[in-house]
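Here's the letter readout for the chains.
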Amino acid sequence: MSQTPLLPGSTGVNGPVTLGVMGGGQLGRMFVQAAQAMGYFTAVLDPNPQSPAGLISHHHIATAYDDPTGWQALCAVADAITTEFENVPSQALMALAEQRSVAPSGACVAVAQDRVQEKNHFNACAGVSGVRPAPFAAIETGEQLAAVPDALLPGILKTSRMGYDGKGQARVNTREALAQAWQRLGQVPCVLEQRLALRSELSVIVARGADGHTVAFPVQKNTHRDGILALTEVHDGAVNPELAQRAQASTRALAQHLGYVGVLCVEYFVVDDGTGRDTLVVNEMAPRPHNSGHYTQNACSYSQFEAQVRALVGLPLPEPEQHSPATMINLLGDLWWPQGDARAAPTTPPWDQVLALPGTHLHLYGKLSARPGRKMGHLNITGTSVAQVRQTTAHALAILGLPSLETLAA
Ligand code: ATP
Ligand code: MG
């Protein structure tokens, strides 16, 4: 990483200083928006010619992620390079790092790409982080499948690589179901995790500079529906403050232990420690901004995407301040079919009604077609009090035909 910051508007390798990102999805798009707001030029590498980030970037290189001609084209314009998703080949990041500043590093991304490596990292850090993953076993062979301890059932079988939004997972209660599920997943390397009784789910975003300075954003409380994040709440009363502090401290420790540079999100389960008290179990980490951190765009002194820019270019990372209680509602493609029949023609959701509510901030990702389950955008909600934010959230959920706060919490 460069010692002197890459200042926006200064001259870079090929004209104005330009920031590159591997991946052109919504996270890449919001990185591009944050970078451009600060005056940087941007370059996106994504094979999709209509990727959400590629559509709004100064440069779009539409090659495969593992194509060296694409890496060369990216290095020809970009002064520093980041990633927006963990499944970009870590070799690509390592190759780019031979020519340009890259954050996070390919080595860090490689850990987050593989559930077994990730859990081994969590266990290796347990002494400093104070958290462990759920009990698990790696399954790569029939022998390992047969040797799985009964204590891991009922469990969740997850592919070790390439899973997201609950894809590549199966809930299994018996050894027979486990064997069938592994078969269905194509007998690829998997982990079997004990299924825990979750009281709630949290996540923490940290940003760490090349100098090791690390800041943590306020802790998110997350509610999922069908394995996909539905609602994030960040306000007084959402998370026990002592638990939040522990989650932040452990996330900082996990980042530090990896020598991580950039934005990192760690997801946690809150479970009963056996005596009725809450305790944390670490679930997984994302080497990039995270869906649960979108509230920072409208509720914090700077967003997780600006933090990604700052960490990448070596700009200061002051402690982020939350200036408003906030919630975030995910907007999935299902909203385009309010009658629930995805064979019908899609209708645009009533954004005008939602935006009539004070404190609503609509973020749509510019995806050209809706599909059930596809992340199309999110709605951030801010206000002067927790009660007001919750009330606006309840109204927005009702307008959109989504389950109420009470149903989501149940
Ligand atoms: P994403 O990419 O959306 O974060 P993912 O596909 O990587 O998701 P996980 O985070 O591993 O999947 O799991 C998705 C959800 O499934 C979790 O947020 C949690 O609600 C539930 N879940 C996962 N593992 C367990 C477990 N061991 N016990 C109980 N519930 C679990
Ligand atoms: Mg997850």
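Conventions and cut-offs
Residues numbered from 1 in each chain as written. Chains lettered and ligands numbered in written order. Predicted model: local features only at pLDDT ≥ 70, side-chain atom pairs only at ≥ 80, totals over all residues. Heavy atoms only, no water. Helix = DSSP H or I, 4+ residues; strand = E, 2+ residues; numbered from the N terminus. Rg over C-alpha atoms; globule rule 2.2 N^0.38 Å. Buried < 20%, exposed > 50% of the residue type's maximum accessible area, 1.4 Å probe, protein only. Contact = heavy atoms within 4.5 Å. Areas by Shrake-Rupley, 256 points an atom, 1.4 Å probe, with all protein chains shown as cover. Lys, Arg positive; Asp, Glu negative; His and termini not counted. Charge placed at Lys NZ, Arg CZ, Asp CG, Glu CD. Salt bridge = Lys/Arg side-chain N within 4 Å of Asp/Glu carboxyl O. Donors = N, O, S within 2.8 Å, 3.2 Å for Na, K, Ca; no water. Near = heavy atom within 4 Å. Polar contact = N/O pair within 3.5 Å; in protein donor to acceptor, adjacent residues only side chain to side chain. Nonpolar A, V, L, I, M, F, W, Y, C, P; charged D, E, K, R; others polar. Domains from an automatic or database assignment. Pairing = 2+ DSSP bridges. Axes fitted to C-alpha atoms, helices over the stretch in contact; angles between N-to-C directions. Parallel < 35°, antiparallel > 145°, perpendicular 65-115°, else oblique. Left-handed = near helix turned anticlockwise from the far one by under 90°.

Undergrad: Would you mind going over the overall build of the protein in detail, with residue names and values included?
TA: Per the secondary structure count, the protein includes 13 helices and 21 strands. Relative to the 2.2 N^0.38 estimate, which gives 22 Å for 410 residues, the radius of gyration of the protein is 21 Å and therefore close to what a compact globule would have. Taking the principal axes of its C-alpha atoms as reference, the protein extends roughly 60 × 50 × 45 Å. Per-residue burial for the protein yields a buried fraction of 54% across its 410 residues. A fraction of 61% describes how many contacts in the protein between residues 6 or more apart in sequence connect residues 24 or more apart. Accessible surface, the protein as shown: approximately 17,100 Å² in total, 51% of it carbon and sulfur. In the protein, 27 positive and 33 negative side-chain charges are present, and the distance between their average locations comes to 3 Å.

Undergrad: Describe the pattern of salt bridges, and please don't skip the residues or the numbers.
TA: Tallying each qualifying case throughout the model produces 13 salt bridges. Arg199 is the salt-bridge partner of Asp272, the closest N and O atoms lying 3.2 Å from each other. Of this pair, Asp272 sits in strand E17 (residues 262-272) while Arg199 sits in the loop between strand E12 (190-194) and strand E13 (200-208), placing them 73 residues apart in sequence. For the salt bridge of Arg199 with Asp278, the shortest nitrogen-to-oxygen distance reads 2.7 Å. On the criterion of sequence distance, the pair formed by Arg199 in the loop between E12 and E13 and Asp278 in strand E18 (residues 278-286) is long-range, its members being 79 residues apart.

Undergrad: How would you explain the coordination of the magnesium ion (ligand 2) if you had to name every residue and give the values?
TA: On the protein side, the magnesium ion (ligand 2) has Glu267 (OE), Glu267 (OE) and Glu284 (OE) as donor atoms, found 2.0 to 2.8 Å from it. Here Glu267 is found in strand E17, whereas its partner Glu284 is found in strand E18, with 17 residues between them in sequence. Accessibility expressed as a relative area gives 21% for Glu284, which makes it partly exposed.

Undergrad: Lay out the site of ligand 1 in plain terms, naming residues and giving numbers.
TA: The immediate surroundings of ligand 1 are formed by 19 residues, with Lys158, Gly166, Gln169, Glu201 and Glu284 found nearest. One nitrogen or oxygen atom from the side chain of Arg115 is found 3.1 Å from an oxygen atom belonging to ligand 1. Here an oxygen atom of ligand 1 sits 2.9 Å away from a polar atom, N or O, in the side chain of Asn283. Protein coverage of the free-state accessible area of ligand 1, which is 620 Å², stands at 92%. Elements supplying a minimum of two residues to the shell around ligand 1: strand E10 (155-159), E12, E17 and E18. Considering only residue class, the shell around ligand 1 consists of 5 nonpolar, 5 polar and 9 charged. There are two domains that each give the shell around ligand 1 at least three residues, and those are domain 2 (135-194) and domain 3 (198-409).

Undergrad: Please give an account of the sheet that holds strand E7 (residues 101-102) that cites residues and values.
TA: Taken in spatial order, the 5 strands line up as E5-E4-E3-E6-E7 in an open sheet, and their pairing is parallel. The two strands at the open ends of the sheet, each matched to only one other strand, are strand E5 (59-61) and E7. By the bridge criterion, 2 bridges tie strand E6 (residues 80-83) to E7 in an arrangement that is parallel. Among the inter-strand pairings, Ile81 is bridged to a residue of E7, identified as Val102.

Undergrad: Outline the packing of helix H3 (residues 90-97) against helix H4 (residues 106-113), listing residues and values.
TA: Where H3 contacts H4, the axes come no closer than 8 Å and their chain directions differ by 170°. With respect to each other, H3 and H4 are oriented roughly antiparallel. Here Ser90, Leu93 and Met94 of H3 come into contact with H4, specifically with Gly106, Ala107, Val109, Ala110 and Gln113. Grouping the constituent residues of the contact of H3 with H4 by class yields 5 nonpolar, 3 polar and no charged.

Undergrad: Quick one: what's the story with the packing of helix H5 (residues 115-129) against helix H8 (residues 241-258), residue by residue and with numbers?
TA: Packing of H5 against H8 leaves a shortest axis separation of 9 Å and a crossing angle of 120°. Classed by the angle they form, the pair H5 and H8 counts as oblique. Where H5 crosses over H8, the two elements pack in a sense that is right-handed. Where H5 abuts H8, its residues His121, Phe122, Ala124, Cys125, Val128 and Ser129 lie against Ser250, Ala253, Leu254, His257 and Leu258. Of the residues in the contact of H5 with H8, the class split is 7 nonpolar, 4 polar and no charged.

Undergrad: Give me the lowdown on the side chain of Lys375, citing residues and values where you can.
TA: Along the polypeptide, Lys375 turns up in strand E21 (residues 375-382). We classify Lys375 as buried; its relative accessible area is 14%.

Undergrad: Outline unusual backbone geometry, listing residues and values.
TA: Here the bond from Ala103 into Pro104 is cis, since omega is 0°, no more than 30 degrees from zero. Turning to its location among the elements, Pro104 is positioned in the loop between E7 and H4. Across the junction of Leu153 and Pro154, the peptide omega takes the value -5°, indicating a cis bond. Relative to the helices and strands, Pro154 resides in the loop between helix H6 (142-146) and E10. The phi torsion at Gln187 lies on the positive side, around 55°, for a residue other than glycine. With respect to the secondary-structure elements, Gln187 resides in the loop between helix H7 (175-184) and E12. Since its relative accessible area comes to 41%, Gln187 is described here as partly exposed. Backbone geometry at Asp226 places phi at a positive 50°, although glycine is not the residue there.

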